[in-house]
Amino acid sequence: MAVDELQAIIQRCQILEEADFKGEDFNLFQVAGQKCLEDGYAAQLLEVIQNEKNKVIIKNMGWNLISPLVRCIFMYKQEDDKREHCLRILDQLAQLCNPKELFLGLLEQIEQTSGEQVCQTVMLLLQPLQTVLLKLQNKKAYSVGLSLAMIMNQLTPLPVPYTKQQIQEDKLGLCQCCNAVVDFAKPFVNEVVKNMEKSSEYNDTELKEELIKFCMKSLKYPLLTAQLEQLEGIEEHPFRHFAAAILDILWNIGELIPLMFVHHKGKTPHWENQEFADIERKNSAESLACLSYLMFAQHFGVECFPVVFSPSYLLLCNMTHIEVLLKRTEESVLSKGLDLFESCLLRMEDNSLLHHYLEFRDFINVPQDLVKIMTLCPMEHMRKKSLNILQLFIDKFDTEGKYTLFRCLLKTSNHAGVEGYIIKNIKDQIHLALTKEYDNIWFTGHHLISLLDLVLSLPEGAETDLLQNSDRIMASLNLLRYLVIKDCENDSQTGVWTALGKVEQNFLKPLRVGLNMSKAHYEAEIKNKKENRKEAQSSNTVCSVTVSGEKMLDMTTGMQLQVLHSALFTFDLIESVLARVEELIEVKTKAVMDEN
């Protein structure tokens, strides 16, 4: 029945000229063709399409069959003959139909797909879409760009497989689809390359621009969030293969190296809406950051990279990209920023990075981002890695650079643990200054005294929360103890003996007062808790307690007492080191007075 209807329409249209086809003819052909497909007559429909007499009809009307054809292909099982007939029909339509009409039909079908069928639909239609695009004469570059943009927009909402198991399963087919899209783009890349070989002035064509846009989108998704480390048990990592292919495209069209150093100088969309302009700028920055990660951390395309640049210059070029990556919170992106930073630093000799680099904004912002990761990131391995990279960054600077960086971090970190860590680094630098033969003006004399003004002080004097600042206070006391022991009062290389009066006034005396007040407060709290526990019917009475200004979870009285005793232990520890420092100062001062 369906086949008879189709044959009747075909016979009617065969006697008409191409210009005489009406809208009604198109509709009748589409309905009859769809009915043939749905009723299982794909083989008969294929015969009609292959018939030379129907060539003009198929050229004008065939594109209307794309939507029902795709539905039927997904309906039939892989080994079904009907599915094979449908695939052959799709191939015939790509060869016979009006390229412009079929192009729009294929794009519409890709646009309408969603969910789990996105990758299947894209992979099914890539070959006919490529065939049609290669036939187009007018607006070819625009059509290629529109196709690639539509495909990437449809893929972008899909989750990117991250773990080894997810990559191997590739449930939605994203890994396979991404690599299929690269194969789809190859003829157009080759076309650009041939034109470049013909003319050395071929620098800025529309097709080349569209391919650059595709590569930039691919770097943003899926590569920015993809797992790109080599995984054991996966011989050919699909995302690594995709990344290599994207860099190959950029290299072949002569854009890989320029993109490594500056933003692309081609046409960029002008947005009257500032919000859209900001989104475009952010996307571009993230794509370029991912490109730098691929080259410098994963070494993709590194053989193409010139070897004339110094490690410090490469670090300078990458700091903007590192900052972009470290601003993100996802582990997959954050880890790329840390890996890129570490890779750049490992290329450098210790003490080789000049202090002038700290005049660049990124060289101040990035260590502050590291501090945020160290103190706020919920993943322990990321916090530890950030700490190791911060130390690596410190080690690369010359003496003045270290001095400037320490001052900056002490003023901006707002975290006692980080401040304590920086103070320990200051102590190590002072030790080197006192034990090495060459003069070190930055960690001795008046420069050091200026730095010690920041270190040997309490943020709020005697009112400072000693428990919350215990890491910083202990590090400061240990530094002061080292200086008193190591530096002779007669020489006073560090200047600590000259500034001793100020140190006692701003640090030691307020610390002693603060300790006495804090211990008295906590001892009173312990006494109250013990008395309340005796009065209570059970020791399991639940209540809340505030430590270092923050309310803790509901606790039993026993648990509260444990916390309070722990705080007292911290105060005792601080007090013992403080007493030792005061004793050393007294002994050394008395010895000098006796000598005089």
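Residues numbered from 1 in each chain as written. Predicted model: local features only at pLDDT ≥ 70, side-chain atom pairs only at ≥ 80, totals over all residues. Heavy atoms only, no water.

Identification of the chain as GLMN protein from Panurus biarmicus is taken from an unreviewed UniProt entry.

Visitor: Lay out the overall build of the chain with the relevant residues and their values.
Guide: A count of helical and extended segments in the chain gives 25 helices and four strands. Residues counted as buried form 49% of the 596 residues belonging to the chain. Restricting to contacts in the chain with at least 6 residues of sequence separation, those with at least 24 account for 74%. Element-wise, carbon and sulfur atoms account for 50% of the exposed surface of the chain, whose accessible area totals about 30200 Å². (Helix = DSSP H or I, 4+ residues; strand = E, 2+ residues; numbered from the N terminus. Buried < 20%, exposed > 50% of the residue type's maximum accessible area, 1.4 Å probe, protein only. Contact = heavy atoms within 4.5 Å. Areas by Shrake-Rupley, 256 points an atom, 1.4 Å probe, with all protein chains shown as cover.)

Visitor: Before we move on, could you go through the pattern of salt bridges and cite the residues and values that matter?
Guide: For the structure on display, the rule yields 26 salt bridges. Between Glu 191 and Lys 140 there is a salt bridge, with its nearest N and O atoms 2.8 Å apart. On the criterion of sequence distance, the pair formed by Glu 191 in helix H11 (residues 174–198) and Lys 140 in helix H9 (residues 140–155) is long-range, its members being 51 residues apart. Put simply, Glu 575 and Lys 519 hold a salt bridge, and the shortest N to O gap is 2.8 Å. You can see Glu 575 sitting in helix H25 (residues 557–595) and its partner Lys 519 sitting in helix H24 (residues 500–535), a full 56 residues away along the chain. Exposure class is identical for Glu 575 and Lys 519. Each is buried. Where salt bridges share partners, they join Glu 323, Lys 327, Arg 361, Asp 362 and Asp 369 into one cluster. (Salt bridge = Lys/Arg side-chain N within 4 Å of Asp/Glu carboxyl O.)

Visitor: I'd like to hear about unusual backbone geometry, residue by residue, with values.
Guide: With an omega of 10°, the peptide bond between Tyr 221 and Pro 222 qualifies as cis. Positive phi, close to 55°, is recorded for Lys 139, a residue that is not glycine. Assessed through its relative accessible area of 65%, Lys 139 is described here as exposed. Backbone geometry places Asp 170, a non-glycine residue, at a positive phi of 45°. Along the chain, Asp 170 turns up in the loop between helix H10 (164–169) and H11.

Visitor: So what's going on with the nonpolar core? Which residues, and what values?
Guide: With 190 residues, the main nonpolar core has Leu 155, Leu 294, Phe 341, Leu 477 and Leu 511 as its most contacted residues. With twelve residues, the top contributor of residues to this core is H11. Discounting residues that sit within four places of it in the chain, Leu 155 has contacts with Val 118, Cys 119, Leu 174, Cys 177 and Tyr 221. (Core = buried A, V, L, I, M, F, W, Y, C linked by side-chain atoms within 4.5 Å.)

Visitor: Describe the packing of helix H12 (residues 206–223) against helix H13 (residues 238–252), naming the residues involved and giving the relevant values.
Guide: Helix-helix packing is described using two parameters, namely the angle between the two axes and the distance between the axes. At a closest axis distance of 10 Å, the pairing of H12 and H13 adopts a crossing angle of 160°. Classified by the angle between their axes, H12 and H13 sit roughly antiparallel to one another. For H12 against H13, the interelement crossing comes out left-handed. Counting all contacts with H12, which are made through Phe 214, Cys 215, Ser 218, Leu 219, Pro 222 and Leu 223, the residues of H13 involved are Phe 239, Phe 242, Ala 243, Ile 246, Ile 249 and Leu 250. (Axes fitted to C-alpha atoms, helices over the stretch in contact; angles between N-to-C directions. Parallel < 35°, antiparallel > 145°, perpendicular 65-115°, else oblique. Left-handed = near helix turned anticlockwise from the far one by under 90°.)

Visitor: So what's going on with helix H20 (residues 399–412)? Which residues, and what values?
Guide: Taking 1.5 Å per residue as the helical rise, H20 with its 14 residues ought to reach 20 Å, and the 20 Å between its terminal C-alpha atoms agrees with that figure. Turning to H20, its buried residues are Gly 401, Lys 402, Tyr 403, Leu 405, Phe 406, Cys 408, Leu 409 and Leu 410. Looking at the packing, one finds that the buried side of H20 touches helix H18 (361–376), helix H19 (380–396), helix H21 (416–435) and helix H22 (445–455). (Expected span 1.5 Å × (residues − 1).)

Visitor: So, the packing of H18 against H19: which residues are in play, and what are the values?
Guide: Direction vectors running N to C along H18 and H19 enclose 150°, while the axes themselves pass 8 Å from each other. Our classification of the angle between H18 and H19 gives roughly antiparallel. Crossing geometry of H18 relative to H19 is assigned as left-handed. Only Met 382, Arg 383, Ser 386, Leu 387, Ile 389, Leu 390 and Phe 393 of H19 make contact with H18, whose side of the interface consists of Phe 363, Pro 367, Leu 370, Ile 373 and Met 374.

Visitor: Can you break down the environment of Lys 194 residue by residue, with the values?
Guide: Note on placement: Lys 194 falls in helix H11. Separated by 59 residues in sequence, Lys 194 and Ile 253 place their C-alpha atoms 9.7 Å apart.

Visitor: Outline H11, listing residues and values.
Guide: For H11, which comprises 25 residues, the first-to-last C-alpha distance of 37 Å matches the rise-based estimate of 36 Å (1.5 Å per residue) to within 8%. Maximum bend of H11: about 40°, positioned at Lys 186, with proline Pro 187 one to four residues after it. (Bend = angle between axes of the 7 residues up to and from the residue.)

Visitor: How would you sum up the packing of aromatic side chains? Please name residues and give values.
Guide: Following the criterion strictly, the structure yields 14 aromatic pairs and no others. With a centroid separation of 5.8 Å and an interplanar angle of 45°, the aromatic rings of Phe 305 and Phe 309 are classed as tilted. On the basis of relative accessible area, Phe 305 is assigned to the buried category, the value being 9%. For Phe 309, a relative accessible area of 29% gives the class partly exposed. Ring plane angle 75° and centroid distance 5.9 Å describe the contact between Tyr 403 and Phe 443, whose orientation is recorded as edge-to-face. In this pair, Tyr 403 is assigned in helix H20 and Phe 443 in the loop between H21 and H22, connecting sequence segments 40 residues apart. The class of Tyr 403 is buried, set by a relative accessible area of 5%. Given the relative accessible area of 0%, Phe 443 is considered buried. One aromatic cluster in this structure is built from Phe 341, Tyr 357, Phe 360, Phe 363, Phe 393 and Phe 397. One Lys or Arg, Lys 427, reaches over the ring of Tyr 482 and ends 5.2 Å from the middle of that ring. (Phe/Tyr/Trp six-rings, centres within 6.5 Å; stacked < 30°, edge-to-face > 60°. Lys NZ or Arg CZ within 6 Å of the ring centre and 35° of its normal.)

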